[in-house]
Amino acid sequence: MTLKRKKVSVIGAGFTGATTAFLLAQKELADVVLVDIPQLENPTKGKALDMLEASPVQGFDATITGTSNYEDTANSDIVVITAGIARKPGMSRDDLVTTNQKIMKSVTKEIVKYSPECYIIVLTNPVDAMTYTVFKESGFPKNRVIGQSGVLDTARFRTFVAQELNLSVKDVTGFVLGGHGDDMVPLVRYSYAGGIPLETLLPKDRIDAIVERTRKGGGEIVNLLGNGSAYYAPAASIVEMTEAILKDQRRVLPSIAYLEGEYGYNGIYLGVPTILGAGGIEQIIELELTEDEKAGLDKSAESVKSVMSVLA
Ligand SMILES: NC(=O)C1=CN([C@@H]2O[C@H](COP(=O)(O)OP(=O)(O)OC[C@H]3O[C@@H](n4cnc5c(N)ncnc54)[C@H](O)[C@@H]3O)[C@@H](O)[C@H]2O)C=CC1
Ligand SMILES: O=C([O-])CC(=O)C(=O)O
């Protein structure tokens, strides 16, 4: 019997792509192929080789290949898209739409050509609209085209709650829904520390401050970095989603999913709770929302639709 290792290709070898590749290999989740544009082929090969040379020290068995040739991505189980431009201070994620849509279209063609059966996870911003673009361009079924925002946004929320309560992050859960913008909807009612509802542990003004900081979490890092956006927590979030699919874990994680009637929306990609397993998005979970929560989600969905309206 020959057991074959899984293969994950990461398109875009910048900050998020390289960090994702390294984490995937360190966790021995798959052999990794890191792809960037031909002009950056040598630096991409160099990053991949550098990571590979960490493997004896860290003790992981996984190959990491740098390339600009999509033939090397053939038969990937999962392809992660991080290619494109990132924002700088003073910009919104939506300012990236025109440039990144073109990049999504071109990379998706190559992905589909060489890995027609793969699952695609999109990170590139504005991620809700970019996931929609990849879905349309790929012609893949909706369960195989997934966007990442909610795992990251929820991780930020959990970090801030754990800091505030001086508790382990492991015991703090939460759920951030909606588009990956300042209108995202952290669902406080579904947030717990050690199973205890957050609303009984913190006063409303502290919770409100955490919700606001979560909404602006990406911008906080952009302003601190000065010349790019977050990559450690985004990469960790991609890896959690990838692992759920590769290991058929059926994790309950927020994903950007294509909605056909769920939560009252049709024909858009939006962050919602999902079950992630070997079938990609195996189910969308419809939570009961209060009027206020639904109004928040409606506002967020409107923001996503307005970005989608400029898609070519
Ligand atoms: N959804 C989310 O939660 C998050 C999304 N992002 C987004 O991810 C994207 C990437 O961010 P970073 O890695 O920090 O940017 P980066 O600038 O460090 O890397 C982007 C890479 O994409 C490459 N690229 C550009 N066009 C390409 C093409 N046609 N084919 C292959 N590679 C191509 C560039 O050469 C560059 O190496 C940005 O759009 C950013 O806004 C970043 C963090 C979180
Ligand atoms: O803020 C950005 O531009 C990058 C991103 O999506 C995040 O870190 O949440």
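Residues numbered from 1 in each chain as written. Chains lettered and ligands numbered in written order. Predicted model: local features only at pLDDT ≥ 70, side-chain atom pairs only at ≥ 80, totals over all residues. Heavy atoms only, no water.

## Points about helix H2 (residues 41–52)
- Here H2 contains 12 residues, and its C-alpha end-to-end distance of 16 Å stays within 8% of the 16 Å for a straight helix at 1.5 Å per residue.
- All of the buried residues along H2 are Thr44, Ala48 and Met51. In an axial view of H2, the angular spread of the buried residues amounts to 60°, which keeps them on one side of the axis. Exposed and facing more than 90 degrees away from the buried side of H2 are Asn42 and Asp50.
- Next to the buried residues of H2 lie helix H1 (15–26), strand S2 (31–35), helix H3 (55–58) and strand S3 (64–67). (Helix = DSSP H or I, 4+ residues; strand = E, 2+ residues; numbered from the N terminus. Expected span 1.5 Å × (residues − 1). Buried < 20%, exposed > 50% of the residue type's maximum accessible area, 1.4 Å probe, protein only. Arc of directions from axis to C-beta. Contact = heavy atoms within 4.5 Å.)

## Digging into the sheet that holds strand S11 (residues 196–197)
- Ordered in space as S7-S10-S11, the 3 strands form an open sheet in which the pairing is antiparallel. Sheet topology places strand S7 (172–173) and S11 at the edges, where each strand pairs with a single neighbour.
- Across 2 bridges, S7 lies against strand S10 (residues 192–193) in antiparallel orientation. Within S10, the residue paired with threonine 173 across the bridge is tyrosine 192. (Pairing = 2+ DSSP bridges.)

## A closer look at the pairing of strand S12 (residues 251–260)
- Of all 10 residues making up S12, 7 are buried, and the element is well covered by its neighbours.
- Looking at chain direction, S12 and strand S13 (residues 266–277) are connected through 10 bridges and run antiparallel. Opposite valine 252, over in S13, you have isoleucine 275 as the bridge partner.
- Between S12 and S13, which pair antiparallel one after the other, the connecting turn spans 5 residues, and glycine 261 there sits at a positive phi close to 105°.

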